[in-house]
Amino acid sequence: RAPSRVRPGWAIALVFLLELATARVEAGVPSIDYLFPAGGQRGSTISLSVGGKVEPWPPSVWIDQPGLVFRTNDTKGKFTVEISTNASVGPCLVRFYNPDGASAPRFIIVGQIEEQFEKEPNDPPDTAQSIEKLPVTINGRFDKADDSDSFAVRLQEGQWLVASVDA
């Protein structure tokens, strides 16, 4: 009996179908552009926005210390983060991962003083956001080109104001 012959076009199609059937769909390694806010106060719960390429949603989360619990939100790109009262104050490393790999580490800053958000518009000094209580951590971000943020603080004569920026 003569061997059967497979036409070249059919062989290529068959190989393609076999590869397609065994291929795993890859979402890619998560790539995080930003976290906002950059942190929260001990004993608080914050709504955290994660910007970047994070597929599939939700990713798994790795944290380098106890005291922070990430819970997925109904909205893609959002987590609810519970910060315990005994969480270590300072920067905490966070990585997001899926079966394809892990993001570069990002920081979440755990603070011990009250936190609030900047309120727009506050660009020019005449629309500066009034800060009534000190000390305070203000979470803000530059949303557009040439964005600036102004804050108004009342001080007594001879009183000092010490400010620092983490970016």
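Figured I'd write up the structure that's included with this text. (Residues numbered from 1 in each chain as written. Predicted model: local features only at pLDDT ≥ 70, side-chain atom pairs only at ≥ 80, totals over all residues. Heavy atoms only, no water.)

## Concerning the nonpolar core
Link 1 in the chain: The biggest cluster of nonpolar side chains holds 18 residues, and the ones touching the most others in it are Leu 48, Val 50, Leu 68, Phe 70, Val 81 and Phe 96.
Link 2 in the chain: Looking at this core, the elements that each hand over two or more residues are β1 (31-36), β3 (45-53), β5 (68-72), β6 (78-83), β7 (90-98) and β9 (106-111).
Link 3 in the chain: Not counting the four nearest positions on each side in its chain, Leu 48 is found in contact with Leu 35, Phe 36, Pro 37, Phe 70, Gly 77, Lys 78, Phe 79, Val 81 and Ile 108. (Core = buried A, V, L, I, M, F, W, Y, C linked by side-chain atoms within 4.5 Å. Buried < 20%, exposed > 50% of the residue type's maximum accessible area, 1.4 Å probe, protein only. Helix = DSSP H or I, 4+ residues; strand = E, 2+ residues; numbered from the N terminus. Contact = heavy atoms within 4.5 Å.)

## Points about the pattern of salt bridges
Link 1 in the chain: Here the structure, examined in full by the defined rule, presents 6 salt bridges.
Link 2 in the chain: Note that Glu 82 is salt-bridged to Arg 71, the shortest N-O span being 2.9 Å. With a gap of 11 residues between them, Glu 82 in strand β6 and Arg 71 in strand β5 connect regions that are remote in the sequence.
Link 3 in the chain: Its salt-bridge partner being Asp 143, residue Arg 141 comes within 3.3 Å of it at the nearest N-O pair. (Salt bridge = Lys/Arg side-chain N within 4 Å of Asp/Glu carboxyl O.)

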